[in-house]
Amino acid sequence: MASETVGNCSSHDPLLDIDSSDSSSVIKSDEYLELQFRVFRLTFLLTFFSVGIAGFFWGIQASASLLVGALSGIFYFRLLARGVGKLGTSSKIVGKVQLLVPVILVLVSSRFPQLDLIPALLGFLLYKPALIIQFLSMP
Amino acid sequence: MDSITTAASVVAAGLAVGLGAIGPGIGQGSAAQGAVEGIARQPEAEGKIRGTLLLSFAFMESLTIYGLVVALVLLFANPFAG
């Protein structure tokens with residue numbers, strides 16, 4: 001009788017059902033990954049248009065600086081997303097490694113004369129409009 | 001660049017990073033605390049909570065980045081250097 005009760009509990013309790021919790025965690029991580037991909041797609045789209053416009057109006061140097069900045073912004077956001085993804089599971093804090101990306105960007109663009117500082121910084125911040133669009137489109 | 005400008009730039013760079021990191025640091029800590037509590041209470045909403053946390057972290061950390069950029073420009077590309 002007791003074993004029958006235990007068996008019934010284990011078959012109906014969703015907290016004890018290993019298969020359903022696995023599938024729900026896959027759905028959760030899929031949702032998070034999908035959000036990241038949407039932001040990356042929007043950022044790449046904005047980068048494409050901004051690099052084209054900058055190349056048309058301000059020349060190839062500003063365009064290249066904008067592209068380098070945008071790529072480092074995407075890398076920064078990827079590192080931040082990885083830190084947030086680890087929070088609560090394998091880490092208790094969000095790391096600050098991603099803050100090295102703008103530091104390296106400013107250092108590189110101030111050392112190399114082929115890159116301009118202002119377009120590189122504006123390119124780095126191109127992930128923000130994508131985030132704002134994503135934030136506004138969230139249900 | 002004369003010594004007074006150099007000293008003022010270094011002090012300003014330190015203040016920009018230090019003061020600029022206080023607010024986002026407090027905000028990120030409380031946001032992460034709330035998110036972890038929310039995930040623990042409602043594990044089925046983990047994806048949504050993590051997504052919202054990521055977006056709010058990106059907005060908060062940009063304030064730190066602004067201070068960092070001002071400090072780095074003062075140190076490595078100082079516009080006041082004669």
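Residues numbered from 1 in each chain as written. Chains lettered and ligands numbered in written order. Predicted model: local features only at pLDDT ≥ 70, side-chain atom pairs only at ≥ 80, totals over all residues. Heavy atoms only, no water.

As annotated in UniProt, chain B carries the name ATP synthase subunit c and is attributed to Prochlorococcus marinus. Quoted verbatim from the Subcellular location heading of the UniProt record, the comment on chain B is "Cellular thylakoid membrane". For the record of chain B, the UniProt heading Sequence similarities holds the text "Belongs to the ATPase C chain family." (UniProt positions renumbered as here; feature names shortened; annotations may be inferred.)

> Got a minute to help me understand the environment of F76 of chain B in this structure?
Mapped onto the elements of the fold, F76 of chain B is located in helix α2 (residues 46–76). By relative accessible area, which is 35% here, F76 of chain B ends up partly exposed. Filtering out sequence-adjacent residues up to four positions away, F76 of chain B remains in contact with L107, S110 and R111 of chain A. (Helix = DSSP H or I, 4+ residues; strand = E, 2+ residues; numbered from the N terminus. Buried < 20%, exposed > 50% of the residue type's maximum accessible area, 1.4 Å probe, protein only. Contact = heavy atoms within 4.5 Å.)

> What should I look at first to understand the packing of aromatic side chains in this one?
Where two aromatic rings form a pair, the distance of their centres and the angle of their planes describe that pair. Following the criterion strictly, the structure yields nine aromatic pairs over all chains and no others. Taking 6.1 Å as the distance between ring centres and 80° as the angle between the ring planes, the aromatic pair formed by F135 of chain A and F59 of chain B counts as edge-to-face. Placement of the pair is F135 of chain A in helix α6 (residues 127–137) and F59 of chain B in helix α2, with the two residues belonging to separate chains. On the accessibility criterion, F135 of chain A (42% relative accessible area) is partly exposed. Every member of this aromatic cluster is reached through a ring pair, and the members are F40, Y76, F77, F124 and Y127 of chain A. (Phe/Tyr/Trp six-rings, centres within 6.5 Å; stacked < 30°, edge-to-face > 60°.)

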